[in-house]
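# Descriptive structure summary
Next come the chains, spelled out residue by residue.
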Amino acid sequence: MENEDTAGLDPIKYEIYRHRLYNILEEGRITIRRVTGSAMVAEGGETLCSFYMSDGTPVLTASGILLHCTGARDFVLKAIEWYEDDPGIADGDQLLFNDPYIGGQHLCDHIIIKPIFHNGRRIAWCGSFMHTPETGAISPGGMPGHATNIWQEGVAFKGLKIVEGGKFRPDVFNTVCGHSRDPHLVGLDTKAKIAANNVCAKQLMNLVEKYGLGFVEAANERIIEDSEKMVRGKLASLPDGVWRARMYGDIDGLAEKPYRVVCTMTKQGAEIVFDFTGSSPQNAGSLNSTLSATWGSLFVVLASQLFWDVPWNGGMLRPVTLIAPHGTVVNARYPAAVSCGVISAGDMVTATAHACIGRMTLAAGQPEEVNSVWRGGSGTAVSFGGINQHGERTAGLLLEGFASGTGATPYRDGVDTGGAMMNPTSNIADVEVLESSFPFLHLARRQATDSGGAGRFRGGVGIEMVYVIYGTERLEIGLLGSGRRSPVNRGIFGGYPSAIREVRMARNSNVKELWKLGKSTASFAEMDALEAQHMLAPACRPTEALSEFDIISPRRDGGGGYGDPLERDPDRVANDVTAGLVSPAAAERVYGVVMDARTGIVDAKGTELLRKQMRAARLQA
């Protein structure tokens with residue numbers, strides 16, 4: 001049947017179809033969350049389901065992680081290129097990929113794609129994507145910062161037929177799972193993606209039966225055309241110009257060493273270019289981004305800040321050009337290690353592009369569209385592996401960093417522990433779920449004082465946790481990420497950056513004795529009171545064996561501030577101090593607010609005098 005004219009589609013039927021297609025993808029995501037054994041997926045929502053045209057062009061995506069909206073496309077294209085003729089792509093096949101030099105962010109990103117056939121002709125693809133927290137790398141958790149090549153990061157699968165002609169292949173399944181430290185968890189994740197694809201493909205075929213293949217293919221084309229039209233219209237309404245931003249990382253995965261990401265954004269007419277020329281050469285460790293990963297990191301800010309009202313598909317990207325020089329931290333040269341790129345160079349791609357977009361939209365007279373940087377990635381994540389409290393092998397990551405603070409705006413503060421830009425359905429796992437799955441007890445989870453960037457409007461504060469190893473004597477702990485030396489979320493128009501990311505560790509602590517006295521360690525600051533071997537850990541740290549009752553306390557960053565902190569309403573500062581979001585010391589030193597620490601009452605005259613002195617000191621600096 002010939003496709004219908006996209007312009008001549010019945011508008012009501014088209015809208016019903018488009019919304020139904022999205023709901024099918026959400027049904028696929030629900031399927032994944034019900035089958036998986038991963039807390040970061042079931043609780044945190046780190047999943048993606050998507051439909052593609054028969055040639056691989058993305059049609060529509062439903063995602064808990066914006067990073068992956070472009071990566072799945074590349075796996076479909078590669079499957080067509082490599083396997084169309086030999087061994088062939090047949091009805092009922094499902095292919096497993098995770099190679100970050102093809103698509104996705106790192107080897108943790110496992111995707112299974114499924115071709116969809118009608119009367120013997122391939123009419124579409126569907127794909128299911130999620131972060132699998134164990135890859136068989138040189139250290140547990142799949143993201144070793146100290147890896148120096150891709151082979152140390154696990155096994156790269158390049159399109160294994162895990163389902164062939166509708167028949168599940170246990171030989172491939174056992175091989176995939178057997179390469180990890182937690183084969184049961186990887187197995188559940190793999191079956192979850194297969195199940196989601198089955199759900200999505202079946203429901204799409206129901207729409208074909210209901211509306212006819214001609215209408216479905218024309219409607220899919222129309223969805224893509226509409227996205228491109230919306231994007232070009234929005235770009236045309238914004239001022240032409242060039243905006244620049246740069247950020248610095250502080251560790252390359254092996255040692256504390258600075259590197260930079262530079263973004264030059266040029267907008268002209270209905271086209272926009274993001275040029276990362278000037279970024280540093282690729283790092284020695286794994287804090288690098290592949291080209292596909294950089295596209296994903298750019299998509300995060302495009303989808304959430306610039307084109308937030310546009311359906312996510314291939315049409316959105318047609319007016320966008322990405323320039324990322326080969327051999328740099330934003331387009332690493334094979335076989336560079338890249339497992340930690342998503343929370344380092346990738347985060348900096350998002351942040352620098354975000355800063356440029358914010359300046360452009362403010363210049364367009366659209367302050368309601370502007371906010372400070374708040375990438376809100378997983379930050380310095382904790383990786384672990386060993387034997388859990390049930391005597392079973394375990395490995396993975398703790399990713400509570402999704403409860404990051406959002407950026408301040410020209411009119412209001414950022415949201416405290418409000419979410420992650422990369423995750424539009426941000427959530428963090430319940431403590432009870434984590435404790436039932438992993439050998440940890442959570443002593444505290446709270447909003448982190450002084451973590452949000454100061455400003456006339458304050459960045460939202462991040463989160464801090466305190467947890468103790470419990471129920472095992474065989475556990476390795478490692479750290480991955482960046483941001484301990486250089487703030488990762490910058491303020492704008494005079495706003496201050498967020499706090500740095502920090503992790504404290506206490507070995508051989510006296511926490512058991514404190515418990516007997518009815519006491520505990522309930523905050524990052526209270527770690528100092530423990531009798532223990534203390535360490536302020538680097539952002540990236542290879543795994544090492546720890547003991548039961550050793551304590552780890554990560555402190556995440558918040559969002560950047562907006563405007564001069566000395567212009568903030570003193571009563572708002574006092575309220576923040578009362579709520580524990582800002583310390584009394586920061587209220588005076590940063591905001592210039594004099595107040596009674598006991599009553600919380602502001603000294604108006606003292607505040608006016610102090611701020612006058614602070615402004616005078618600035619002029620003399």
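Residues numbered from 1 in each chain as written. Predicted model: local features only at pLDDT ≥ 70, side-chain atom pairs only at ≥ 80, totals over all residues. Heavy atoms only, no water.

## A closer look at the sheet that holds strand E2 (residues 58–63)
Here we have 7 strands laid out as an open sheet, ordered E2-E1-E5-E4-E3-E6-E7, and antiparallel in their pairing. Looking at the sheet topology across the chains shown, the edges are occupied by E2 and strand E7 (167–168). Across 10 bridges, strand E4 (residues 109–118) lies against strand E5 (residues 121–131) in antiparallel orientation. If you follow His118 over to E5, its bridge partner there is Arg121. Seen against the sheet, helix H1 (residues 11–35) touches strand E1 (47–53), E2 and E5 and runs at an angle of roughly 140° to E1. Set on the sheet, helix H5 (residues 183–211) makes contact with E1, strand E3 (94–97), E4, E5, strand E6 (158–164) and E7; between it and E4 the angle comes to about 30°. (Pairing = 2+ DSSP bridges. Helix = DSSP H or I, 4+ residues; strand = E, 2+ residues; numbered from the N terminus. Contact = heavy atoms within 4.5 Å. Axes fitted to C-alpha atoms, helices over the stretch in contact; angles between N-to-C directions.)

## Some thoughts on the pattern of salt bridges
Tallied over the entire structure, the rule returns 35 salt bridges. The residue Asp74 makes a salt bridge to Arg73 at a minimum N-O spacing of 3.1 Å. Considered together, Asp74 and Arg73 belong to a single accessibility category, that of buried residues. Between Arg458 and Asp413 there is a salt bridge, with its nearest N and O atoms 3.9 Å apart. Highlighted residues: Arg458 in the loop between strand E14 (440–447) and strand E15 (463–469) and Asp413 in the loop between strand E13 (393–398) and helix H10 (431–437), separated in sequence by 45 residues. (Salt bridge = Lys/Arg side-chain N within 4 Å of Asp/Glu carboxyl O. Buried < 20%, exposed > 50% of the residue type's maximum accessible area, 1.4 Å probe, protein only.)

## Looking at the sheet that holds strand E10 (residues 271–275)
With respect to topology, 4 strands assemble into an open sheet ordered E8-E9-E10-E11, the strand pairing being mixed. The sheet terminates laterally at strand E8 (241–249) and strand E11 (320–323), the two strands that pair on one side only. Pairwise comparison of adjacent strand axes, ignoring direction, gives a mean angle of 15° for this sheet. The pairing of E8 with strand E9 (residues 259–268) spans 9 bridges and is antiparallel. Within E9, the position partnered with Val242 by the bridge is Thr266.

## Side note on the environment of Asn331
Position of Asn331 relative to the elements: it lies in the loop between E11 and helix H9 (345–363). Expressed as a C-alpha distance, the spacing of Asn331 and Ala345, which sit 14 residues apart in the sequence, is 9.8 Å. Beyond its immediate sequence surroundings of up to four residues, Asn331 is in contact with Ser289, Thr290, Leu291, Ala324, Pro325 and His326. Looking at Asn331, its side chain comes within polar contact range of the main-chain oxygen of Ala324, at 2.9 Å. (Polar contact = N/O pair within 3.5 Å; in protein donor to acceptor, adjacent residues only side chain to side chain.)

## Description of the packing of aromatic side chains
Throughout the structure, instances matching the rule amount to 15 aromatic pairs. Ring centres 6.2 Å apart and planes at 85° place the aromatic pair Tyr17 and Tyr211 in the edge-to-face group. Placement of the pair is Tyr17 in helix H1 and Tyr211 in helix H5, with a sequence separation of 194 residues. Across this residue pair, the class does not change: Tyr17 and Tyr211 are buried. Judged by centre distance (6.1 Å) and plane angle (90°), the rings of Trp151 and Tyr334 are edge-to-face. On the criterion of sequence distance, the pair formed by Trp151 in the loop between E5 and E6 and Tyr334 in the loop between E11 and H9 is long-range, its members being 183 residues apart. In this structure Tyr334 comes out as partly exposed when scored by relative accessible area, which is 45%. Through successive ring pairs, a cluster of aromatic residues spans Phe384, Phe438, Phe440 and Tyr467. The ring of Phe215 carries Lys13 above its face, with NZ or CZ at 4.6 Å from the centroid. (Phe/Tyr/Trp six-rings, centres within 6.5 Å; stacked < 30°, edge-to-face > 60°. Lys NZ or Arg CZ within 6 Å of the ring centre and 35° of its normal.)

## Some thoughts on the pairing of E10
Residues Ile272 and Phe274 point to one face of E10 and are all buried, whereas Glu271, Val273 and Asp275, pointing to the other face, are not buried. Sheet topology places E9 next to E10; 5 bridges connect them, and they run antiparallel. When the bridges of E10 are listed, Gln268 appears paired with Glu271. What sits between the antiparallel neighbours E9 and E10 is a turn of 2 residues, in which Gly269 has the positive phi angle 60°. Here 4 bridges tie E10 to E11, and the two strands are oriented parallel to one another. In the strand pairing of E11, Asp275 is matched with Ile323.

## Structural notes on the nonpolar core
Grouped together as the largest cluster of nonpolar side chains are 137 residues, with contacts concentrated most on Tyr17, Phe51, Phe274 and Leu298. Leaving out residues up to four positions away in the same chain, Leu298 has contacts with Phe274, Val320, Leu322, Val349 and Ala353. Core analysis: the second largest hydrophobic core is formed by 12 residues, Ala454, Val573, Val577 and Val602 among them. (Core = buried A, V, L, I, M, F, W, Y, C linked by side-chain atoms within 4.5 Å.)

## Some thoughts on helix H12 (residues 570–579)
Since there are 3.6 residues in each turn of an α-helix, residues three or four apart along the chain are aligned in direction. Those residues of H12 lying buried are Val573, Ala574, Asp576 and Val577. Down the axis of H12, the buried side of the element spans an arc of 160°, and every buried residue falls inside it. Summarising the geometry of H12, the exposed residues directed more than 90 degrees from the buried face are Asn575, Thr578 and Ala579. Those residues of H12 hidden inside the fold are in contact with helix H13 (584–589). At the N-terminal end of H12, a side-chain oxygen is found 2.9 Å from the backbone nitrogen of Asp571, two or three residues along, and the residue is Asp569. One or two residues past the end of H12 sits Gly580, with phi positive at roughly 80°. (Arc of directions from axis to C-beta.)

## Looking at unusual backbone geometry
That bond from Asp86 to Pro87 is cis: its omega, 10°, falls within 30 degrees of zero. On the secondary structure map, Pro87 appears in helix H3 (residues 71–88). The omega torsion of the bond from Tyr334 to Pro335 falls at 10°, within 30 degrees of zero and hence cis. Relative to the helices and strands, Pro335 is located in the loop between E11 and H9.

These results come straight from atomic positions and should not be treated as a statement about function.
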